[in-house]
Amino acid sequence: MKNHEVQNTVGRMFITGATSGFGEAVARMAAAAGYALVLTGRRAERLEALKLELGNQVHQTLCFDVRDRTGTAEAIASCARSFVPTVLINNAGLAVGKEPIDQGHYEDWDRMIDTNVKGLLNVTREWTPHMQSGARIINIGSVAGRQAYPGGAVYNASKFAVHGLTQAMRMDLLPRGIQVAQVAPGAAETEFSLVRFKGNQSGADAVYQGYEPLSAEDVADAVMYIATRPPHVSIQDVLIMPAAQASAYHLHKS
Ligand code: NDP
Ligand code: 8X3
């Protein structure tokens, strides 16, 4: 896709999973704040629509699957010639299925581990050698990475991995002046549950009934807060929940 040279930016942000939910909301807020953006995901038509909407703030869109190590490496290498992020948002991810461990599907497990863990690693490994002192990486974890719950085993495992990776990445990248943060949301209404329940809209809607869930914008707001701190301030970890949710197990529905 054609690159667009963006002038007078406050920073350069690379977002995985910008076609929906948190990633799309961060893209809109970051564009409004003056960031130059590279927007990525698998759905090319959505990337193009967002590029049309956000206009000159979008340096480039890149259509690739974070599970595809070669495709990810090629996309990032092509981008790095004209754009190295000051902020990398590792957001692409998903849950698939909610069966107990003795009934789970290997294919679902592979999708979660390959996307949420290996995909995050693929993007991080390809970008970090290029990134400069003062840059930030913001990983999207989850309350599911703090507390396991029934039916969540492999999704839990993948987000516990993001929690651990965030801490180790922060230590590894400390000497290079790259700050690493995690935003760990509770229940947020995006396409997340539609994906988890494999297109079952009524099942997905039921997740968000009886209380006010987080919106994608609520989570994007936390991401932007971290991204825009002064260089000497490093927000390391933000757990953000709907007011009706006290833990992975405690959701007060009316
Ligand atoms: P959405 O389903 O709305 O968005 C997920 C995004 O990830 C999409 O843009 C999708 O793009 C992208 N994505 C998924 N798989 C791949 C892949 N293999 N390669 C590249 N991109 C991919 O969900 P959310 O916005 O809610 O989810 C974003 C992150 O937040 C995920 O990591 C999720 O686990 C996490 N999260 C969500 C919570 C919630 O309640 N909604 C709470 C806590 C954490 P495309 O399909 O175009 O590739
Ligand atoms: C998504 C939130 O509670 O469905 O990460 O796991 S939850």
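Higher on the page you've got the structure.
The following refers to the structure shown. Within any chain, residue numbers begin from 1 and follow the written order of that chain's sequence. As a convention, the first chain written is A and the first ligand written is 1, with the rest following in written order. pLDDT decides what is reported in this predicted model: residues at 70 or higher carry local features, side-chain atom pairs at 80 or more are listed and counted, and totals for whole chains, interfaces and linings draw on all residues regardless. Hydrogens are left out, water is left out, and the side-chain values use all remaining heavy atoms of the structure.

## Looking at a negative patch on the surface
- Residues forming no salt bridge and having over 30% relative accessible area are the ones grouped into patches, like charges within 9 Å of each other and nonpolar side chains (Val, Leu, Ile, Met, Phe, Trp, Tyr) within 5 Å. Accessibility throughout is a Shrake-Rupley quantity obtained with a 1.4 Å probe, and a residue counts as covered only by protein chains that appear here. The salt bridge definition used is simple: a Lys or Arg side-chain nitrogen within 4 Å of an Asp or Glu carboxyl oxygen. For the charge count, each Lys or Arg is scored as positive and each Asp or Glu as negative, with His and the chain ends excluded. Throughout, a charge is located at the NZ atom of Lys, the CZ atom of Arg, the CG atom of Asp or the CD atom of Glu. A contiguous patch of negative charge, built from Glu212, Glu217, Asp218 and Asp221, is present on the exposed surface.
- Every helix listed is a DSSP run of H or I at least four residues long, and every strand listed is a run of E at least two residues long, numbered separately from the N terminus. Within the fold, Glu217 resides in helix α8 (residues 216-227).

## So, the site of ligand 2
- Around ligand 2, the neighbouring residues are Ser142, Val143, Ala144, Tyr149, Tyr155, Phe192 and Arg196.
- The side chain of Tyr149 places a nitrogen or oxygen atom 2.6 Å from an oxygen atom of ligand 2.
- Compared with its free state, where it exposes 240 Å², ligand 2 has 81% of that area covered by protein.
- Each residue gets one label: Ala, Val, Leu, Ile, Met, Phe, Trp, Tyr, Cys and Pro are nonpolar, Asp, Glu, Lys and Arg are charged, and the others, such as Gly, are polar. In terms of residue class, the shell around ligand 2 is built from five nonpolar, one polar and one charged. Residues are labelled near a given molecule or strand when at least one of their non-hydrogen atoms is within 4 Å of it. The term polar contact refers here to a pair of N or O atoms within 3.5 Å; inside protein, the definition further demands a hydrogen-donor-capable atom paired with an acceptor-capable atom, and it admits residues adjacent in sequence only when both atoms are side-chain atoms.

## With respect to the site of ligand 1
- As a structural note, the neighbourhood of ligand 1 is formed by 30 residues, with Thr19, Ser20, Arg42, Tyr155 and Thr190 the closest of them.
- One of the side-chain nitrogen or oxygen atoms of Thr19 is found 2.7 Å away from an oxygen atom of ligand 1.
- Between Asp65 and ligand 1, the recorded distance is 2.8 Å, taken from a side-chain N or O atom to a nitrogen atom.
- Out of a free accessible area of 880 Å², ligand 1 has 96% covered by protein chains.
- Put simply, the parts of the chain that give the shell around ligand 1 at least two residues each are α1 (21-33) and α5 (153-173).
- The class makeup of the residues in the shell around ligand 1 is 12 nonpolar, 12 polar and six charged.

## What about the environment of Arg43?
- Mapped onto the fold, Arg43 is located in the loop between β2 (36-41) and α2 (44-54).
- Along the chain, Arg43 and Trp109 lie 66 residues apart, while their C-alpha atoms are 22 Å from each other.
- Aside from chain neighbours lying at most four places away, what touches Arg43 is Thr19, Ser20, Cys63 and Glu191. What makes two residues a contact is simply this: any of their non-hydrogen atoms within 4.5 Å.

## Focus: the pattern of salt bridges
- A complete count under the given rule lists eight salt bridges for this structure.
- Note that Glu191 is salt-bridged to Arg43, the shortest N-O span being 3.3 Å. On the criterion of sequence distance, the pair formed by Glu191 in the loop between β6 (179-185) and α6 (192-196) and Arg43 in the loop between β2 and α2 is long-range, its members being 148 residues apart.
- Residue exposure (1.4 Å probe, protein chains only): buried if accessible area is under 20% of the type maximum, exposed if over 50%, otherwise partly exposed. Glu191 gets classed as partly exposed once you look at its relative accessible area, which sits at 25%.
- The salt bridge partner of Asp114 is Lys118, with a shortest N-O separation of 3.7 Å. Placement of the pair is Asp114 and Lys118 together in helix α4 (residues 106-127), with a separation of four residues, close to one helical turn.
- One continuous salt-bridge network, built from bridges that share partners, spans Glu24, Arg28 and Glu53.

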